[in-house]
Amino acid sequence: VGYRIERGANRPAIWKKAGSEWKAIALPHERVSVAGRALDINDSGEICGYVDLLGFEQPNRAPCVWIPNESGGYQEGKILPVPENAIGGCAIAINSGATVVGYYDDSKDRSIACYWARIGSDFQFFDLETAGVALIFGRVGNELIWTVLKALLRPAEFSESVTREV
């Protein structure tokens, strides 16, 4: 997964082998998006990343997922929900259960770790209420475990792992 350059912008793409060569295949995106990147793919072929949206004065990066369709392609990217005070966000990783981790930027331009859980065909937003970027997410029994990268915020505290019972 990654991107390809199209009309001078990064466009989300998946790379597939065609014979002896790798070919970038653009992922379908919102008509209002001007750029983006695919960042992770799970075993089911579900992809997460971000798209940059047109028409906003504030930073306009939106977390996004692409779900495979029956014909072997992908549905149009689905923008993931973020809080009303968010000015941007990014979906960093997706696991086999379609739980997506990442961050949103709040109105004070701070990155706040979060995750999205797939419920049916939709994704529900959950705020981890800690500054940083959620990178890894898992479940051990009835406990949620995640790792939050904080290097950009507090170099002395590179990351922390958090456990919360559910």
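Coordinates for the structure precede this section.
Reading guide: rules and limits
Residues numbered from 1 in each chain as written. Predicted model: local features only at pLDDT ≥ 70, side-chain atom pairs only at ≥ 80, totals over all residues. Heavy atoms only, no water. Helix = DSSP H or I, 4+ residues; strand = E, 2+ residues; numbered from the N terminus. Pairing = 2+ DSSP bridges. Salt bridge = Lys/Arg side-chain N within 4 Å of Asp/Glu carboxyl O. Buried < 20%, exposed > 50% of the residue type's maximum accessible area, 1.4 Å probe, protein only. Core = buried A, V, L, I, M, F, W, Y, C linked by side-chain atoms within 4.5 Å.

## Structural notes on the environment of Tyr115
Thought 1: Counting through the fold element by element, Tyr115 comes out in strand β10 (residues 111-119).
Thought 2: Considered as a pair, Tyr115 and Val82 are 33 residues apart in the sequence and their alpha carbons are 9.8 Å apart.

## Considerations on the sheet that holds strand β5 (residues 47-53)
Thought 1: Reading across the sheet, the four strands line up as β4-β5-β6-β7 and stay open at both edges, with antiparallel pairing between neighbours. At either end of the open sheet lies a strand with only one pairing partner, and these are β4 (33-41) and β7 (78-79).
Thought 2: With seven bridges joining them, β4 and β5 adopt antiparallel strand pairing. Within β5, the position partnered with Ala35 by the bridge is Asp52.

## As for the pattern of salt bridges
Thought 1: For the structure on display, the rule yields five salt bridges.
Thought 2: Linking Asp52 and Arg61 is a salt bridge whose minimum nitrogen-to-oxygen distance equals 3.1 Å.
Thought 3: When its relative accessible area of 14% is taken as the criterion, Asp52 is described as buried.
Thought 4: Across the salt bridge formed by Lys78 and Asp122, the nearest N and O atoms sit 3.4 Å from each other. Pair noted here: Lys78 is in strand β7 and Asp122 is in strand β11 (residues 122-131), with a separation of 44 residues, a long-range link.

## Side note on the nonpolar core
Thought 1: By size, the foremost hydrophobic cluster in this structure holds 13 residues, and its most contacted members are Cys48, Val65, Leu80, Ala91, Val100, Trp116 and Phe123.
Thought 2: For this core, the secondary structure elements donating two or more residues are β8 (88-94), β9 (100-105) and β10.
Thought 3: Among the elements that take part in this core, β10 stands out by supplying three residues, more than any other.
Thought 4: Ile14, Leu27, Ala38 and Cys64 belong to the second largest nonpolar core, which has ten residues in total.

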